[in-house]
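Here is what each chain is made of, one letter per residue.
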Amino acid sequence: MTTKKIIFCKKCLYTNLHPFSITFNNDGICSGCLIHEEKDNLDWNLRLQKLKKIVKPYKSKTRKNYDCIVPVTGANDSHFIVHIVKNVLGMNPLLVNYNKYFNTPIGVSNLANLRIKFDLDILFKNVNMNSVKKITKFTLLEHQNVYWPILAGHTVFPLEVAKNYKIPLIIWGAHQGLEQVGMFSHEHEVEMSRRYRENHDLFGMEAQDLITIDSDLTEEDISQFVYPDDKSINEIGIRGIYLGNYIRWDPTSQHQLMVKKYGYKSCQLPRTFDTYDHVDCYNYMNLHDILKISKRGYSKITDHVCREIRHKRLTREQGIDLINYYEHKKPENLDKFCDWLEIDPNSLALVLNKSKNDKYWIQEDINRFKFIGPSTYFKTTNNNEINNDIKSILDKEFVKNRDINLNRENKEYILFGKGVGRLYE
Ligand SMILES: [Zn+2]
């Protein structure tokens, strides 16, 4: 049973149970919505000028080295970030990609598109798959988490490259803590930090914490995920800045622009209306999202809905309908995950049962759980269908390449670096 009284934001659909620190003002509006209002009040022209000033000293005068590092994937905001860095800031970035191994064909295609259309150099990191599998198995069984190695790798590899190539500036997109729960003001201009990475990106688990008496992980297995020490960070003066502090961040409009301008590819995913985010991964919106609702009581659909409500493209009521519609949709591609990790689907089912947080689920039978999470407090007239008003908004805002169906496309992950998958052309 829920021990804490649930408080819902009056504007969006986040609650005080959000895992990041969220606060509410006297009118019942959450900190995320309050900080979001800055987007309509700040002088973004002025802020862009400030960004230009910040990056100027990092531009290589001799053009012998790269100006900065941009971590990229085949989805998320990568196209837009690179577009800003190259075309607006006039920089010559080195792109870096941590291979997450759960690659979809559309993700591989988007990554190739990014490299070709912007004509930039890219470095890939393919950590040996045995270590990745060992770590994934451990974090799945012990922490019901399959994304730890990906988040750890994605946040460490750029620093390694910064260190080795002596490129001090890393440029990221938006700061998740600021965007979701207003952890900082845009004007704080918060930068990348070891502590935020550990507490929020990595769920409080550093690489070294994985070596316990219960795990058969070795120093060698985790070595690729260890954050560099302060001494080497300070020697080179490595810093990571977030574009979202200087540019009015709106992922949906940004993706629309990238589809038009550069042919970014999008597709329908089973558990959200957002056709742009996470299309590069077979698990993020499936297994990872199911574990999220098991443990946290809400899933990615709530994040997407809150974002759209704040940008005034959906009303709170439409958001409620969408959460009801998507929140308990069946995940797909679990078989691919079991094949890859070489585990029995029954073991995965056991882990999924174990992951159910009793704050949000009541066990009724061996394999039957009743959900009592935040969305069960919503009053809705929706009969598990999306009405035409909502459909037409979604069709307009979230275009998709209709020929792309992730289930039909591939039986396995595309393990590039270990073999090449077919690309859309
Ligand atoms: Zn809110």
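Keep in mind it's a predicted model, so treat the numbers as computed, not measured.

J.: Explain the overall build of the protein here, please?
T.: Broken down by element type, the protein carries 18 helices and seven strands. In terms of overall dimensions, the protein is globule-like: its C-alpha atoms have a radius of gyration of 21 Å, near the 22 Å expected for 425 residues. Along the first, second and third principal axes, the C-alpha set of the protein runs to 65 × 50 × 45 Å. Once local pairs closer than 6 in sequence are excluded, the contacts in the protein between residues at least 24 apart make up 73%.

J.: Hey, could you run me through the environment of phenylalanine 102 in this one?
T.: The residue phenylalanine 102 is located in the loop between strand E2 (93–98) and helix H4 (105–118) in this model. A sequence separation of 146 residues divides phenylalanine 102 from arginine 248, and the C-alpha atoms of the two residues are 31 Å apart. With sequence-adjacent residues up to four places away left out, phenylalanine 102 is seen in contact with Cys281, Tyr282, Asn283 and Tyr413.

J.: Please clarify how the nonpolar core should be interpreted in this entry.
T.: Looking at soluble globular proteins, one finds that nonpolar side chains tend to be buried together. Judged by nonpolar contacts, the single largest core of 96 residues is most densely connected at Cys68, Val70, Val85 and Ile171. With seven residues, the single largest contributor to this core is helix H6 (residues 148–165). Per-domain counts for this core show at least three residues from each of domain 1 (41–245) and domain 2 (251–409).

J.: Quick question: what am I supposed to make of the pairing of strand E3 (residues 122–125) here?
T.: Within a regular strand, side chains alternate between the sheet's two faces. Pairing of E2 with E3, which is carried by four bridges, proceeds in the parallel orientation. Within E3, the residue paired with tyrosine 98 across the bridge is lysine 125. With H4 bridging E2 and its parallel neighbour E3, the resulting β-α-β unit is right-handed.

J.: Explain the packing of helix H3 (residues 78–88) against helix H11 (residues 251–262) here, please?
T.: Interaxial distance between H3 and H11 falls to 9 Å at its minimum, and their mutual angle equals 75 degrees. Of the possible angle classes, the one that applies to H3 and H11 is roughly perpendicular. In this structure, H3 uses His79, Phe80 and His83 to contact H11, whose residues at the interface are Gln254, Met258 and Tyr262. Partitioned by chemical class, the residues of the contact of H3 with H11 number three nonpolar, three polar and no charged.

J.: Help me out: how do you make sense of the environment of lysine 166 in this one?
T.: Tracing the sequence through the fold places lysine 166 in the loop between H6 and strand E4 (169–172). Residue lysine 166 is classed as partly exposed on the basis of its 13 C-beta neighbours within 10 Å. Lysine 166 sits 72 residues away from isoleucine 238 along the chain, and the two C-alpha atoms are 8.6 Å apart.

J.: How do you make sense of the confidence of the model for the protein when you look at a structure like this?
T.: Detailed conclusions should not be drawn from predicted coordinates in areas where pLDDT is low. When pLDDT is averaged across the protein, the result is 92; 95% of the residues are at 70 or more. Between residues 418–425, whose pLDDT stays under 50, and residues either more than four places distant or in other chains, the model counts 14 contacts.

J.: What's the story with the domain arrangement of the protein in this structure? I'm lost.
T.: One frequently used descriptor of interface size is the decrease in accessible area upon assembly of the parts. You can read the domains of the protein as domain 1 (41–245) and domain 2 (251–409). The distance between the C-alpha centroids of domain 1 and domain 2 comes to 24 Å. On the side of domain 2, 27 residues touch domain 1, which itself brings 29 residues to the contact. Broken down by secondary-structure element, the contributors of at least two residues to the side of domain 1 that touches domain 2 are H3, H4 and helix H5 (129–143). Examining the composition of the side of domain 1 that touches domain 2, we find that seven residues originate from one element, H4, more than from any other. Here the side of domain 1 that touches domain 2 is built from residues that sort into nine nonpolar, 15 polar and five charged.

J.: Would you take a moment to explain unusual backbone geometry for this structure?
T.: Outside of glycine, negative phi angles account for most residues, and trans bonds account for most peptide bonds. Although it is not a glycine, asparagine 76 adopts a positive phi angle of roughly 50 degrees. Position of asparagine 76 among the secondary structure elements: in the loop between strand E1 (68–71) and H3. The buried category is assigned to asparagine 76, around which 24 C-beta atoms lie within 10 Å. Even without being glycine, lysine 166 reaches a positive phi, approximately 55 degrees.

J.: Is there a simple way to think about the pairing of E1 in this case?
T.: Alternating residues of E1 divide into Cys68 and Val70 and Ile69 and Pro71, and every residue in both groups is buried. Alignment of E1 against E2, held across four bridges, turns out to be parallel. If you follow valine 70 over to E2, its bridge partner there is leucine 95.

J.: Just to check I follow, could you spell out the environment of leucine 348 for this structure?
T.: Checked against the element boundaries, leucine 348 lands in helix H16 (residues 345–354). On the neighbour-count criterion, leucine 348 (18 C-beta atoms within 10 Å) is partly exposed. As for leucine 348 and isoleucine 54, which are separated by 294 residues in sequence, their C-alpha atoms are 48 Å apart. Those residues within four positions of leucine 348 in sequence are excluded, and the remaining contacts are Leu334, Cys338 and Ile343.

Analysis parameters
- Residues numbered from 1 in each chain as written.
- Predicted model: local features only at pLDDT ≥ 70, side-chain atom pairs only at ≥ 80, totals over all residues.
- Helix = DSSP H or I, 4+ residues; strand = E, 2+ residues; numbered from the N terminus.
- Rg over C-alpha atoms; globule rule 2.2 N^0.38 Å.
- Contact = placed C-beta atoms within 7 Å.
- Core = buried A, V, L, I, M, F, W, Y, C linked by C-beta atoms within 7 Å.
- Buried ≥ 20, exposed ≤ 12 C-beta atoms within 10 Å, placed from the backbone.
- Domains from an automatic or database assignment.
- Pairing = 2+ DSSP bridges.
- Right-handed = clockwise from strand over helix to strand, strands pointing away.
- Axes fitted to C-alpha atoms, helices over the stretch in contact; angles between N-to-C directions.
- Parallel < 35°, antiparallel > 145°, perpendicular 65-115°, else oblique.
- Nonpolar A, V, L, I, M, F, W, Y, C, P; charged D, E, K, R; others polar.
- pLDDT = per-residue confidence, 0-100.

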